[in-house]
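Chain by chain, the residues:
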Amino acid sequence: MTYLSPTPIKDALRSNAPIDAVRLQGWVRTRRDSKDFSFIELNDGSSLRNLQIIARNTLSNYADVQRLTTGASIAVSGALVASQGKGQKWELVADKIEVIGTAEDSYPLQKKGHTPEFLREIAHLRPRSNLFSSILRVRSRLAFAVHEFFQDRGFIYVHTPIITGSDCEGAGELFRVTTLDPAAAESRTTDGEIDYKKDFFARPTYLTVSGQLEAEALALALSKVYTFGPTFRAENSNTSRHASEFWMIEPEMAFCDLNGNMTLAEEFVKYLIADARKHCPDEMELFAKFVDKELLVRIDFVVERPFQRITYSDAVDLLKKSGEKFEFPIDYGLNLQSEHERWLTEKHFKCPVTVFNFPKEIKPFYMRLNEDGKTVAAMDLLVPGIGEIVGGSQREERLEVLQENMRRHDMVPADYKWYLDLRRYGTAPHSGFGLGFERMLMFITGVPNIRDVIPFARTPGSAEF
Ligand code: 4AD
Ligand code: MG
(Lines give C-alpha, C1' and ligand atoms only; values in the text may rest on other atoms or scores of the structure.)
(Ligands and ions follow the chains in the order given, each with its own letter.)
Protein backbone atom coordinates (compact mmCIF):
# COMPACT_ATOMS: atom_id res chain seq x y z
CA MET A 1 0.00 0.00 0.00
CA THR A 2 1.27 3.45 -0.82
CA TYR A 3 0.01 6.71 0.58
CA LEU A 4 1.76 8.74 -2.05
CA SER A 5 -0.05 10.90 -4.58
CA PRO A 6 -3.67 9.87 -4.19
CA THR A 7 -6.08 12.18 -6.00
CA PRO A 8 -7.85 14.57 -3.64
CA ILE A 9 -11.61 14.13 -3.99
CA LYS A 10 -11.83 17.86 -4.69
CA ASP A 11 -9.72 17.38 -7.84
CA ALA A 12 -11.62 14.28 -8.95
CA LEU A 13 -14.90 16.19 -8.66
CA ARG A 14 -13.48 19.03 -10.77
CA SER A 15 -12.21 16.75 -13.54
CA ASN A 16 -12.97 17.81 -17.11
CA ALA A 17 -13.02 14.29 -18.51
CA PRO A 18 -13.39 10.70 -17.36
CA ILE A 19 -10.21 9.15 -15.92
CA ASP A 20 -9.39 5.46 -16.38
CA ALA A 21 -7.32 4.96 -13.26
CA VAL A 22 -7.71 7.01 -10.09
CA ARG A 23 -6.78 6.26 -6.51
CA LEU A 24 -8.63 7.93 -3.66
CA GLN A 25 -8.39 7.69 0.11
CA GLY A 26 -10.85 8.89 2.68
CA TRP A 27 -13.51 8.15 5.25
CA VAL A 28 -16.87 6.54 4.61
CA ARG A 29 -19.75 8.91 5.22
CA THR A 30 -22.53 6.48 4.30
CA ARG A 31 -22.98 3.15 2.59
CA ARG A 32 -26.13 1.69 1.09
CA ASP A 33 -26.57 -1.55 -0.80
CA SER A 34 -28.66 -2.46 -3.81
CA LYS A 35 -28.93 -5.89 -5.39
CA ASP A 36 -25.59 -5.97 -7.20
CA PHE A 37 -23.84 -2.89 -5.86
CA SER A 38 -22.83 -1.05 -2.76
CA PHE A 39 -22.80 2.78 -2.92
CA ILE A 40 -20.30 4.53 -0.70
CA GLU A 41 -20.17 8.27 -0.08
CA LEU A 42 -16.48 9.02 0.46
CA ASN A 43 -15.05 12.21 1.95
CA ASP A 44 -11.38 13.13 2.42
CA GLY A 45 -11.79 16.68 3.79
CA SER A 46 -10.41 18.31 0.63
CA SER A 47 -13.89 19.55 -0.16
CA LEU A 48 -17.33 19.66 1.36
CA ARG A 49 -18.58 17.30 -1.33
CA ASN A 50 -18.32 13.53 -1.22
CA LEU A 51 -17.50 11.32 -4.15
CA GLN A 52 -19.84 8.41 -4.76
CA ILE A 53 -18.06 5.07 -5.06
CA ILE A 54 -19.76 2.20 -6.85
CA ALA A 55 -18.62 -1.16 -5.48
CA ARG A 56 -19.76 -4.10 -7.59
CA ASN A 57 -20.51 -7.46 -6.03
CA THR A 58 -17.74 -8.93 -8.19
CA LEU A 59 -15.07 -7.33 -5.96
CA SER A 60 -13.08 -10.09 -4.29
CA ASN A 61 -13.63 -8.57 -0.84
CA TYR A 62 -17.26 -7.55 -1.42
CA ALA A 63 -18.27 -9.12 1.88
CA ASP A 64 -15.86 -6.75 3.70
CA VAL A 65 -17.17 -3.79 1.71
CA GLN A 66 -20.69 -4.63 2.84
CA ARG A 67 -19.54 -4.48 6.43
CA LEU A 68 -18.12 -0.94 6.04
CA THR A 69 -19.74 1.55 8.37
CA THR A 70 -19.70 5.33 8.73
CA GLY A 71 -16.28 6.53 9.84
CA ALA A 72 -14.21 3.70 8.32
CA SER A 73 -11.16 4.61 6.23
CA ILE A 74 -10.61 3.08 2.82
CA ALA A 75 -8.47 3.39 -0.30
CA VAL A 76 -10.20 2.97 -3.62
CA SER A 77 -8.85 2.49 -7.14
CA GLY A 78 -11.00 2.59 -10.21
CA ALA A 79 -12.38 4.63 -13.06
CA LEU A 80 -13.92 8.06 -12.77
CA VAL A 81 -17.01 8.00 -14.97
CA ALA A 82 -19.96 10.29 -15.62
CA SER A 83 -22.55 9.66 -12.95
CA GLN A 84 -25.85 8.04 -13.85
CA GLY A 85 -27.43 9.45 -10.73
CA LYS A 86 -28.67 12.94 -9.98
CA GLY A 87 -26.73 15.55 -7.99
CA GLN A 88 -23.20 14.68 -9.03
CA LYS A 89 -21.23 14.88 -12.24
CA TRP A 90 -18.74 12.11 -11.52
CA GLU A 91 -18.64 8.84 -9.65
CA LEU A 92 -15.96 6.22 -9.21
CA VAL A 93 -16.45 2.62 -10.28
CA ALA A 94 -14.12 0.69 -8.02
CA ASP A 95 -11.72 -2.02 -9.25
CA LYS A 96 -10.31 -2.39 -5.79
CA ILE A 97 -11.28 -1.28 -2.31
CA GLU A 98 -8.82 -1.65 0.54
CA VAL A 99 -10.29 -1.41 4.00
CA ILE A 100 -7.66 0.54 5.93
CA GLY A 101 -9.41 1.09 9.24
CA THR A 102 -12.84 -0.13 10.26
CA ALA A 103 -14.99 2.02 12.56
CA GLU A 104 -16.53 0.59 15.70
CA ASP A 105 -20.30 0.85 16.07
CA SER A 106 -19.85 3.44 18.80
CA TYR A 107 -18.57 6.01 16.22
CA PRO A 108 -20.28 9.15 17.49
CA LEU A 109 -20.63 10.99 14.17
CA GLN A 110 -23.44 9.02 12.62
CA LYS A 111 -25.21 10.74 9.75
CA LYS A 112 -27.60 13.00 11.57
CA GLY A 113 -27.52 16.57 12.85
CA HIS A 114 -25.44 17.19 15.96
CA THR A 115 -25.51 20.15 18.30
CA PRO A 116 -22.40 22.35 18.57
CA GLU A 117 -22.23 21.45 22.27
CA PHE A 118 -22.07 17.75 21.49
CA LEU A 119 -19.48 18.30 18.77
CA ARG A 120 -17.28 20.23 21.21
CA GLU A 121 -17.11 17.15 23.40
CA ILE A 122 -15.68 15.21 20.48
CA ALA A 123 -13.30 17.89 19.24
CA HIS A 124 -10.99 15.13 17.98
CA LEU A 125 -13.68 13.81 15.61
CA ARG A 126 -15.67 16.90 14.72
CA PRO A 127 -13.30 17.85 11.85
CA ARG A 128 -15.06 14.99 10.04
CA SER A 129 -18.42 16.77 10.20
CA ASN A 130 -19.53 18.92 7.27
CA LEU A 131 -19.87 22.04 9.35
CA PHE A 132 -16.56 21.81 11.14
CA SER A 133 -14.51 20.72 8.13
CA SER A 134 -15.99 23.70 6.28
CA ILE A 135 -14.95 26.05 9.06
CA LEU A 136 -11.43 24.64 8.95
CA ARG A 137 -11.17 25.02 5.19
CA VAL A 138 -12.32 28.64 5.45
CA ARG A 139 -9.90 29.20 8.32
CA SER A 140 -7.05 27.89 6.18
CA ARG A 141 -8.05 29.93 3.15
CA LEU A 142 -8.34 33.13 5.19
CA ALA A 143 -4.98 32.58 6.86
CA PHE A 144 -3.57 32.54 3.34
CA ALA A 145 -5.57 35.65 2.42
CA VAL A 146 -4.12 37.50 5.42
CA HIS A 147 -0.63 37.01 4.02
CA GLU A 148 -1.74 37.89 0.51
CA PHE A 149 -3.35 41.13 1.68
CA PHE A 150 -0.27 42.37 3.53
CA GLN A 151 2.36 41.02 1.14
CA ASP A 152 0.60 42.70 -1.80
CA ARG A 153 0.81 45.97 0.12
CA GLY A 154 4.53 45.69 0.84
CA PHE A 155 4.28 44.65 4.50
CA ILE A 156 6.99 42.43 5.96
CA TYR A 157 5.87 39.42 8.00
CA VAL A 158 7.61 39.42 11.38
CA HIS A 159 7.60 36.93 14.25
CA THR A 160 7.29 38.45 17.68
CA PRO A 161 8.03 36.42 20.82
CA ILE A 162 5.43 34.28 22.53
CA ILE A 163 7.26 34.44 25.85
CA THR A 164 7.62 38.03 26.99
CA GLY A 165 8.36 40.12 30.05
CA SER A 166 5.85 42.88 29.33
CA ASP A 167 2.11 43.31 29.70
CA CYS A 168 1.29 45.21 26.54
CA GLU A 169 -2.35 45.88 27.34
CA GLY A 170 -1.69 46.57 31.02
CA ALA A 171 -4.78 44.60 31.98
CA GLY A 172 -2.95 42.00 34.08
CA GLU A 173 -4.51 39.13 32.14
CA LEU A 174 -1.25 37.23 31.89
CA PHE A 175 -0.39 33.55 32.00
CA ARG A 176 2.85 33.11 33.87
CA VAL A 177 5.72 31.16 32.31
CA THR A 178 7.99 29.64 34.94
CA THR A 179 10.03 26.57 35.72
CA LEU A 180 10.10 27.29 39.45
CA ASP A 181 8.40 24.78 41.69
CA PRO A 182 6.01 26.92 43.74
CA ALA A 183 6.09 24.39 46.59
CA ALA A 184 9.89 24.19 46.83
CA ALA A 185 11.66 26.28 49.46
CA GLU A 186 14.53 27.06 47.08
CA SER A 187 12.08 28.96 44.82
CA ARG A 188 11.69 31.58 47.57
CA THR A 189 13.88 34.33 48.96
CA THR A 190 14.56 34.42 52.68
CA ASP A 191 11.49 36.72 52.98
CA GLY A 192 9.31 34.04 51.43
CA GLU A 193 8.84 35.95 48.15
CA ILE A 194 9.18 34.13 44.83
CA ASP A 195 12.82 34.43 43.78
CA TYR A 196 12.59 35.23 40.08
CA LYS A 197 16.40 35.40 39.84
CA LYS A 198 16.28 31.62 40.12
CA ASP A 199 13.64 31.30 37.43
CA PHE A 200 14.46 30.12 33.93
CA PHE A 201 14.74 33.59 32.41
CA ALA A 202 15.98 35.17 35.67
CA ARG A 203 12.92 37.43 35.64
CA PRO A 204 9.11 37.11 35.60
CA THR A 205 7.85 36.09 32.18
CA TYR A 206 4.44 35.52 30.60
CA LEU A 207 2.70 34.30 27.47
CA THR A 208 2.20 37.33 25.27
CA VAL A 209 -1.17 39.12 25.11
CA SER A 210 -0.09 40.99 21.97
CA GLY A 211 2.99 41.27 19.75
CA GLN A 212 2.51 45.00 19.41
CA LEU A 213 5.39 46.42 21.45
CA GLU A 214 7.94 44.29 19.61
CA ALA A 215 6.16 44.96 16.29
CA GLU A 216 6.67 48.69 16.92
CA ALA A 217 10.43 48.15 17.12
CA LEU A 218 10.31 46.24 13.84
CA ALA A 219 8.11 48.84 12.10
CA LEU A 220 10.55 51.57 13.13
CA ALA A 221 13.13 49.76 11.02
CA LEU A 222 11.17 48.01 8.25
CA SER A 223 8.40 50.64 7.88
CA LYS A 224 5.43 48.28 7.38
CA VAL A 225 5.23 44.97 9.23
CA TYR A 226 2.60 42.49 10.38
CA THR A 227 2.45 39.61 12.80
CA PHE A 228 0.08 36.66 12.67
CA GLY A 229 0.33 34.36 15.62
CA PRO A 230 -1.17 33.02 18.83
CA THR A 231 -1.85 35.32 21.77
CA PHE A 232 -2.99 34.43 25.27
CA ARG A 233 -5.27 36.07 27.78
CA ALA A 234 -6.03 34.84 31.27
CA GLU A 235 -9.24 36.81 31.16
CA ASN A 236 -11.96 35.13 33.17
CA SER A 237 -14.65 35.96 30.59
CA ASN A 238 -16.82 32.99 29.85
CA THR A 239 -18.50 34.45 26.77
CA SER A 240 -19.08 33.30 23.22
CA ARG A 241 -16.46 35.80 21.98
CA HIS A 242 -13.54 35.25 24.36
CA ALA A 243 -10.90 32.55 24.09
CA SER A 244 -7.85 32.20 26.33
CA GLU A 245 -5.70 31.33 23.31
CA PHE A 246 -6.53 33.05 20.04
CA TRP A 247 -4.77 34.17 16.88
CA MET A 248 -4.20 37.82 16.20
CA ILE A 249 -3.04 39.70 13.13
CA GLU A 250 -1.19 42.88 14.03
CA PRO A 251 0.01 45.28 11.35
CA GLU A 252 2.25 48.15 12.45
CA MET A 253 3.13 51.07 10.19
CA ALA A 254 5.71 53.79 10.57
CA PHE A 255 4.78 57.25 9.28
CA CYS A 256 1.08 56.46 9.57
CA ASP A 257 -1.59 58.24 11.62
CA LEU A 258 -4.92 57.08 13.03
CA ASN A 259 -6.79 57.84 9.82
CA GLY A 260 -4.50 55.68 7.71
CA ASN A 261 -4.82 52.97 10.34
CA MET A 262 -8.63 53.03 10.29
CA THR A 263 -8.66 52.91 6.50
CA LEU A 264 -6.35 49.89 6.45
CA ALA A 265 -8.47 48.03 9.02
CA GLU A 266 -11.63 48.63 7.00
CA GLU A 267 -10.00 47.50 3.75
CA PHE A 268 -8.65 44.41 5.49
CA VAL A 269 -12.03 43.33 6.85
CA LYS A 270 -13.64 43.78 3.45
CA TYR A 271 -10.83 41.91 1.73
CA LEU A 272 -11.19 38.86 3.95
CA ILE A 273 -14.95 38.67 3.44
CA ALA A 274 -14.60 39.01 -0.33
CA ASP A 275 -11.90 36.34 -0.33
CA ALA A 276 -14.07 33.80 1.48
CA ARG A 277 -16.97 34.55 -0.87
CA LYS A 278 -14.75 33.99 -3.88
CA HIS A 279 -12.75 30.97 -2.79
CA CYS A 280 -15.10 29.04 -0.49
CA PRO A 281 -18.48 29.07 -2.27
CA ASP A 282 -19.62 25.62 -1.10
CA GLU A 283 -18.72 26.32 2.50
CA MET A 284 -20.37 29.74 2.50
CA GLU A 285 -23.53 28.21 1.09
CA LEU A 286 -23.50 25.58 3.84
CA PHE A 287 -23.20 28.26 6.54
CA ALA A 288 -26.05 30.22 4.96
CA LYS A 289 -28.20 27.08 4.93
CA PHE A 290 -27.47 25.66 8.36
CA VAL A 291 -25.98 28.41 10.53
CA ASP A 292 -27.43 31.76 9.57
CA LYS A 293 -29.97 32.38 6.79
CA GLU A 294 -29.10 36.10 6.59
CA LEU A 295 -25.36 35.52 6.36
CA LEU A 296 -24.65 36.17 2.68
CA VAL A 297 -26.87 39.23 2.43
CA ARG A 298 -25.26 40.67 5.53
CA ILE A 299 -21.65 40.16 4.58
CA ASP A 300 -22.12 41.20 0.95
CA PHE A 301 -23.62 44.42 2.22
CA VAL A 302 -20.54 44.93 4.42
CA VAL A 303 -18.21 44.58 1.44
CA GLU A 304 -20.21 46.98 -0.71
CA ARG A 305 -20.81 49.86 1.69
CA PRO A 306 -18.37 52.25 3.36
CA PHE A 307 -18.01 51.76 7.10
CA GLN A 308 -19.18 54.46 9.48
CA ARG A 309 -16.79 56.39 11.73
CA ILE A 310 -17.76 58.12 14.94
CA THR A 311 -15.88 59.55 17.92
CA TYR A 312 -16.28 57.86 21.27
CA SER A 313 -17.86 61.03 22.63
CA ASP A 314 -20.51 61.14 19.87
CA ALA A 315 -21.15 57.41 20.28
CA VAL A 316 -21.80 57.89 23.99
CA ASP A 317 -24.22 60.73 23.21
CA LEU A 318 -26.10 58.53 20.74
CA LEU A 319 -26.30 55.70 23.28
CA LYS A 320 -27.54 57.99 26.03
CA LYS A 321 -30.21 59.44 23.76
CA SER A 322 -31.20 56.03 22.35
CA GLY A 323 -33.93 55.38 24.91
CA GLU A 324 -32.68 51.78 24.98
CA LYS A 325 -32.60 49.91 28.31
CA PHE A 326 -29.04 48.66 28.72
CA GLU A 327 -27.85 46.28 31.40
CA PHE A 328 -24.61 48.25 31.95
CA PRO A 329 -24.45 52.01 32.52
CA ILE A 330 -23.19 54.23 29.73
CA ASP A 331 -21.60 57.61 30.33
CA TYR A 332 -18.56 59.53 29.12
CA GLY A 333 -15.49 57.83 30.62
CA LEU A 334 -16.98 54.33 30.81
CA ASN A 335 -16.00 51.46 28.54
CA LEU A 336 -18.46 50.51 25.83
CA GLN A 337 -19.92 47.11 26.72
CA SER A 338 -20.77 44.57 24.09
CA GLU A 339 -24.49 45.51 24.27
CA HIS A 340 -23.56 49.13 23.48
CA GLU A 341 -21.32 48.09 20.61
CA ARG A 342 -24.05 45.92 19.20
CA TRP A 343 -26.67 48.67 19.48
CA LEU A 344 -24.41 51.00 17.47
CA THR A 345 -23.78 48.51 14.66
CA GLU A 346 -27.02 46.54 14.61
CA LYS A 347 -29.70 49.04 15.57
CA HIS A 348 -28.32 52.45 14.78
CA PHE A 349 -25.86 52.33 11.88
CA LYS A 350 -26.80 48.86 10.62
CA CYS A 351 -23.24 48.40 9.35
CA PRO A 352 -19.69 48.18 10.74
CA VAL A 353 -18.58 51.24 12.71
CA THR A 354 -15.15 52.47 13.72
CA VAL A 355 -15.27 54.31 17.05
CA PHE A 356 -12.22 56.52 17.68
CA ASN A 357 -10.69 59.01 20.15
CA PHE A 358 -11.37 57.34 23.50
CA PRO A 359 -10.78 58.93 26.93
CA LYS A 360 -7.15 58.31 27.91
CA GLU A 361 -8.18 56.81 31.27
CA ILE A 362 -9.72 53.71 29.73
CA LYS A 363 -6.95 52.91 27.24
CA PRO A 364 -3.38 51.52 27.55
CA PHE A 365 -0.26 53.61 28.07
CA TYR A 366 1.07 53.43 24.52
CA MET A 367 -1.73 55.32 22.78
CA ARG A 368 -1.04 58.81 21.44
CA LEU A 369 -2.45 61.70 23.43
CA ASN A 370 -4.64 63.97 21.28
CA GLU A 371 -4.37 67.77 21.22
CA ASP A 372 -7.33 68.04 23.63
CA GLY A 373 -5.20 66.42 26.36
CA LYS A 374 -8.21 64.24 27.27
CA THR A 375 -8.50 61.62 24.57
CA VAL A 376 -6.11 59.25 22.84
CA ALA A 377 -5.92 58.29 19.15
CA ALA A 378 -7.51 54.87 19.67
CA MET A 379 -9.92 53.02 17.44
CA ASP A 380 -12.19 50.01 17.75
CA LEU A 381 -13.85 48.52 14.70
CA LEU A 382 -17.25 47.05 15.60
CA VAL A 383 -19.29 44.69 13.45
CA PRO A 384 -22.92 43.54 13.73
CA GLY A 385 -23.46 40.35 15.69
CA ILE A 386 -20.08 40.42 17.38
CA GLY A 387 -19.04 43.90 18.45
CA GLU A 388 -15.30 44.62 18.57
CA ILE A 389 -13.30 42.81 15.95
CA VAL A 390 -10.32 45.20 15.67
CA GLY A 391 -8.61 47.31 18.30
CA GLY A 392 -5.82 49.70 17.43
CA SER A 393 -4.29 53.13 17.82
CA GLN A 394 -1.73 55.66 16.80
CA ARG A 395 1.20 55.18 19.20
CA GLU A 396 2.71 57.88 21.39
CA GLU A 397 5.94 58.78 19.59
CA ARG A 398 6.96 61.69 21.89
CA LEU A 399 9.38 60.52 24.59
CA GLU A 400 8.28 62.86 27.39
CA VAL A 401 4.58 62.33 26.78
CA LEU A 402 5.09 58.57 26.72
CA GLN A 403 7.03 58.63 30.00
CA GLU A 404 4.25 60.68 31.55
CA ASN A 405 1.62 58.21 30.25
CA MET A 406 3.57 55.37 31.83
CA ARG A 407 3.70 57.06 35.20
CA ARG A 408 -0.03 57.72 35.00
CA HIS A 409 -0.49 53.96 34.47
CA ASP A 410 1.74 53.16 37.49
CA MET A 411 4.43 51.75 35.24
CA VAL A 412 8.14 52.20 35.82
CA PRO A 413 9.60 53.77 32.65
CA ALA A 414 13.01 52.22 33.42
CA ASP A 415 11.47 48.75 32.93
CA TYR A 416 10.69 49.71 29.33
CA LYS A 417 14.02 51.20 28.38
CA TRP A 418 14.12 49.43 25.03
CA TYR A 419 10.63 50.68 24.16
CA LEU A 420 11.54 54.24 25.12
CA ASP A 421 14.75 54.00 23.06
CA LEU A 422 12.54 53.80 19.97
CA ARG A 423 11.48 57.36 20.84
CA ARG A 424 15.07 58.44 21.46
CA TYR A 425 16.52 57.29 18.17
CA GLY A 426 14.64 58.40 15.08
CA THR A 427 11.14 58.38 16.49
CA ALA A 428 8.30 58.68 14.00
CA PRO A 429 4.51 58.75 14.11
CA HIS A 430 3.31 55.18 13.81
CA SER A 431 0.10 53.21 14.11
CA GLY A 432 -1.25 49.71 14.08
CA PHE A 433 -4.07 47.45 15.11
CA GLY A 434 -4.93 43.91 16.11
CA LEU A 435 -7.62 41.87 14.42
CA GLY A 436 -8.86 38.80 16.28
CA PHE A 437 -8.75 36.00 13.71
CA GLU A 438 -11.42 33.91 15.45
CA ARG A 439 -13.78 36.87 15.76
CA MET A 440 -13.33 37.50 12.04
CA LEU A 441 -14.10 33.85 11.33
CA MET A 442 -17.24 34.10 13.45
CA PHE A 443 -18.33 37.11 11.45
CA ILE A 444 -17.67 35.50 8.08
CA THR A 445 -19.15 32.07 8.85
CA GLY A 446 -22.01 33.25 11.07
CA VAL A 447 -20.91 30.68 13.67
CA PRO A 448 -22.01 32.26 16.96
CA ASN A 449 -19.46 30.74 19.37
CA ILE A 450 -15.69 31.24 19.31
CA ARG A 451 -15.27 27.65 20.56
CA ASP A 452 -16.45 26.48 17.15
CA VAL A 453 -14.05 28.36 14.87
CA ILE A 454 -10.81 26.96 16.34
CA PRO A 455 -9.96 23.25 16.32
CA PHE A 456 -9.23 22.86 20.01
CA ALA A 457 -10.54 25.80 22.01
CA ARG A 458 -8.99 26.99 25.26
CA THR A 459 -11.44 28.84 27.50
CA PRO A 460 -11.68 29.33 31.27
CA GLY A 461 -11.99 25.93 32.90
CA SER A 462 -11.48 24.05 29.66
CA ALA A 463 -8.27 22.81 28.06
CA GLU A 464 -9.16 19.27 27.02
CA PHE A 465 -7.58 17.64 23.97
O1 4AD B 1 -8.20 45.30 21.50
P2 4AD B 1 -7.04 44.39 21.80
O3 4AD B 1 -6.83 44.01 23.21
O4 4AD B 1 -5.78 45.14 21.21
C5 4AD B 1 -4.48 44.80 21.36
O6 4AD B 1 -4.08 43.77 21.87
C7 4AD B 1 -3.53 45.73 20.66
N8 4AD B 1 -2.19 45.57 21.27
C9 4AD B 1 -3.51 45.41 19.19
C10 4AD B 1 -2.62 46.33 18.41
O11 4AD B 1 -2.87 47.53 18.37
N12 4AD B 1 -1.60 45.79 17.77
O13 4AD B 1 -7.16 43.06 20.94
C14 4AD B 1 -7.25 43.13 19.53
C15 4AD B 1 -8.34 42.20 19.01
C16 4AD B 1 -9.73 42.51 19.52
O17 4AD B 1 -10.34 43.55 18.79
C18 4AD B 1 -10.43 41.19 19.33
O19 4AD B 1 -10.82 41.01 17.99
C20 4AD B 1 -9.32 40.19 19.62
O21 4AD B 1 -8.09 40.87 19.46
N22 4AD B 1 -9.40 39.68 21.00
C23 4AD B 1 -9.85 38.46 21.32
N24 4AD B 1 -10.31 37.47 20.57
C25 4AD B 1 -10.70 36.35 21.19
N26 4AD B 1 -10.63 36.15 22.51
C27 4AD B 1 -10.17 37.13 23.33
N28 4AD B 1 -10.09 36.92 24.64
C29 4AD B 1 -9.76 38.36 22.73
N30 4AD B 1 -9.24 39.51 23.21
C31 4AD B 1 -9.03 40.30 22.15
MG1 MG C 1 -9.76 46.14 22.48
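Reference entry: report on the structure contained in this document. (Residues numbered from 1 in each chain as written. Chains lettered and ligands numbered in written order. Predicted model: local features only at pLDDT ≥ 70, side-chain atom pairs only at ≥ 80, totals over all residues. Heavy atoms only, no water.)

### What to know about the site of ligand 1
The following threshold applies: Here a residue is near a molecule or strand as soon as one of its heavy atoms is found within 4 Å of it. All accessible-area figures derive from a Shrake-Rupley calculation using a 1.4 Å probe, and residue coverage is judged against the displayed protein chains alone. The helix count covers DSSP runs of H or I at least four residues long, the strand count covers runs of E at least two residues long, and both are numbered beginning at the N terminus. Gly is put with the polar residues, along with every residue not named as nonpolar or charged; the nonpolar set is Ala, Val, Leu, Ile, Met, Phe, Trp, Tyr, Cys and Pro, and the charged set is Asp, Glu, Lys and Arg.
Near ligand 1, the surroundings consist of 25 residues, among which Glu169, Gln212, Arg233, Glu250 and Glu388 are the closest. Contact with the protein chains removes 94% of the 630 Å² of surface that ligand 1 exposes when unbound. Contributing elements (two or more residues each) for the shell around ligand 1: strand S11 (245-254), strand S15 (387-394) and strand S16 (430-436). In terms of residue count, the dominant contributor to the shell around ligand 1 is S15 (five residues). For the shell around ligand 1, a count of residues per class yields nine nonpolar, eight polar and eight charged.

### A short note on unusual backbone geometry
Worth spelling out the cut-off: With a 1.4 Å probe rolled over the protein chains alone, any residue whose accessible area is under 20% of its type maximum counts as buried; one over 50% counts as exposed, and the rest are partly exposed.
Not every positive phi belongs to a glycine, and Ser223 is a case in point at roughly 75 degrees. Take Ser223: it is sitting in the loop between helix H5 (212-222) and strand S10 (224-232). In this structure, Asp410 is a non-glycine residue whose phi angle is positive, near 55 degrees. In this structure, Asp410 sits in the loop between helix H11 (399-408) and helix H12 (417-424). Classification of Asp410 by relative accessible area gives exposed; the value is 73%.

### Description of the sheet that holds S10
Note the cut-off: Strand pairing requires that DSSP identify at least two bridges connecting the strands. Any two residues whose heavy atoms approach within 4.5 Å are treated as being in contact. Fitting a line to C-alpha atoms yields each axis, with helices limited to the stretch in contact; the angle taken between N-to-C directions then spans 0 to 180 degrees.
Judged by pairing direction, the sheet is mixed, and its eight strands sit side by side in the order S6-S10-S11-S16-S15-S14-S13-S12 without closing on themselves. In the strand order of this sheet, the two ends are held by strand S6 (156-157) and strand S12 (308-311), each with one partner. Pairing of S12 with strand S13 (residues 353-359) involves four bridges; the strand directions are parallel. Within the sheet, the bridge partner assigned to Arg309 lies in S13 and is Thr354. Running at roughly 150 degrees to S10, helix H4 (residues 130-152) makes contact with S6, S10 and S11 of the sheet.

### Overview of the environment of Arg29
In this structure, Arg29 sits in strand S1 (residues 19-33). Using a relative accessible area of 16% as the deciding quantity, one classes Arg29 as buried. Note: C-alpha distance between Arg29 and Asn43 (14 residues apart in sequence) is 6.6 Å. Among residues more than four places away in sequence, those in contact with Arg29 are Glu41, Asn43, Asn50, Thr70, Arg128, Ser129 and Asn130.

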